[in-house]
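Descriptive structure summary
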Amino acid sequence: MSKQEVLVDTVFFHKLSNEGKNLEDFKAVLDKLEYRPVVHPYIADCEMSMFGYFEKLRSEGYIRVAEYSEFLQDDVDKTMYSLQFKDVHDKMRQALEKKGGKKQLDELVIPPNQTIFTMRKSQMSLGDVHMILMAFYTKIPIILTDDSDLELLRGLVHSHFDSDTYNLEILDTADVLMKIAILEETTLSKAKLVEILKRVGGRARKSELNTLWNENHSE
């Protein structure tokens, strides 16, 4: 059975792998769901490449870094992608402004001699926008992210990208663990799932995980 490719962001990778200390947990969780992690080239180059444990999984072939040529065939595609990038980023900025929370985004201004593919600026959610657009272009159905604005991203995707032929699911680490908890056959024990859940900051969902596990296992 071939694995389902899923897009993975930096925070999800760091949390589930415990910043590289538990790479086997990262593999075990994704393998159980038959997920193959794929990383957007921008995120790989600008966020993940500095971490040795990411490069280890990349060199092993466990994590695949996508090529732009897979979803941007020519200059017309790149121009359209760039316009959509600015539009999505602006909608995200406006949504955060309306929400009124602590996190806010500056208006996207591309510096001279740079593009959305080369620009780097922290706290701008550039990786999030790249990942959403790549998912839409490639029709990859799942994004794994532990972004603090998960619900905002879900709402944005639902409003602007879901259609009768394509639905994009955005999951965090806790969501993924819940999916494993309902499997009747799994090599990951309930204790292990709870351990991971606590480690990634999902203690509030421990009761939910226990309930799902107990409903699907006799032990």
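My aim in this report is to walk through the structure given alongside it, one point at a time. (Residues numbered from 1 in each chain as written. Predicted model: local features only at pLDDT ≥ 70, side-chain atom pairs only at ≥ 80, totals over all residues. Heavy atoms only, no water.)

For the rest of this paragraph, the subject is the overall build of the protein. Counting its secondary structure elements, the protein contains ten helices and five strands. Scaling as 2.2 N^0.38, a compact globule of 219 residues should have a C-alpha radius of gyration of about 17 Å, and the protein matches this with 18 Å. Split into buried and exposed, the 219 residues of the protein put 47% on the buried side. Of all intrachain contacts in the protein linking residues separated by at least 6 positions in sequence, the fraction that spans at least 24 positions is 70%. Summed over its atoms, the accessible surface of the protein is roughly 11300 Å², and 49% of this surface lies on carbon and sulfur atoms. Of the charged side chains in the protein, 29 are positive and 37 negative, and the gap between their average positions amounts to 5 Å. (Helix = DSSP H or I, 4+ residues; strand = E, 2+ residues; numbered from the N terminus. Rg over C-alpha atoms; globule rule 2.2 N^0.38 Å. Buried < 20%, exposed > 50% of the residue type's maximum accessible area, 1.4 Å probe, protein only. Contact = heavy atoms within 4.5 Å. Areas by Shrake-Rupley, 256 points an atom, 1.4 Å probe, with all protein chains shown as cover. Lys, Arg positive; Asp, Glu negative; His and termini not counted. Charge placed at Lys NZ, Arg CZ, Asp CG, Glu CD.)

Attention now moves to the sheet that holds strand β3 (residues 64-65). Whenever strands of a sheet pair, they do so through backbone hydrogen bonds, lying parallel or antiparallel. Taking strand neighbours across the sheet as the criterion, the five strands line up as β3-β2-β1-β4-β5 in an open arrangement whose pairing is parallel. Each of the sheet's edge strands pairs with one partner strand only, and the pair in question is β3 and β5 (169-171). (Pairing = 2+ DSSP bridges.)

With that settled, consider the layout of surface pockets. The space that makes up the largest pocket amounts to roughly 520 Å³. Every residue lining the largest pocket is counted, 21 residues in all, and those nearest its centre are E47, S122, Q123, S125 and G127. Only α1 (10-16), α3 (41-48) and α6 (126-138) provide two or more residues apiece to the lining of the largest pocket. For the lining of the largest pocket, a count of residues per class yields eight nonpolar, six polar and seven charged. (1 Å grid on protein atoms, 1.4 Å probe; cavity = no way out; pocket = protein on both sides within 12 Å on 5 of 7 lines; lining within 4 Å. Points joined across faces, edges and corners; volume = space filled by probe spheres on them. Nonpolar A, V, L, I, M, F, W, Y, C, P; charged D, E, K, R; others polar.)

A few words now on the packing of aromatic side chains. Summed over the entire model, instances satisfying the criterion amount to 13 aromatic pairs. Centroid distance F51 to Y53: 5.7 Å. Interplanar angle 40°. Geometry classified as tilted. Aromatic ring contacts, followed pair by pair, group Y68, F71, Y81, F117, F136, Y137, F161 and Y166 into a single cluster. The ring of Y62 carries K27 above its face, with NZ or CZ at 5.6 Å from the centroid. (Phe/Tyr/Trp six-rings, centres within 6.5 Å; stacked < 30°, edge-to-face > 60°. Lys NZ or Arg CZ within 6 Å of the ring centre and 35° of its normal.)

In this section: the nonpolar core. Ranked by internal contacts, the top residues of the largest apolar core, which has 74 residues, are F13, F26, V29 and L144. In terms of residue count, the dominant contributor to this core is α6 (seven residues). (Core = buried A, V, L, I, M, F, W, Y, C linked by side-chain atoms within 4.5 Å.)

Take helix α10 (residues 206-216) next. Of the positions making up α10, those classed as buried are L209, N210, L212 and W213. Across the axial projection of α10, the buried residues extend over an arc of 165°, all falling on one side. Residues of α10 that are exposed and angled more than 90 degrees away from the buried face: S207 and E215. In this structure, the buried side of α10 is in contact with α8 (173-181) and α9 (190-199). (Arc of directions from axis to C-beta.)

The next subject is the pairing of strand β1 (residues 4-8). As paired elements, β1 and strand β2 (residues 35-39) share four bridges and run parallel to each other. Across the sheet, Q4 pairs through a bridge with Y35, a residue of β2.

Glancing now at the pairing of β2. Buried residues dominate β2, accounting for four of its five residues. In this sheet, β3 lies alongside β2 in parallel orientation, the contact comprising two bridges. Each bridged residue has a counterpart across the sheet, and for V39 the counterpart in β3 is V65.

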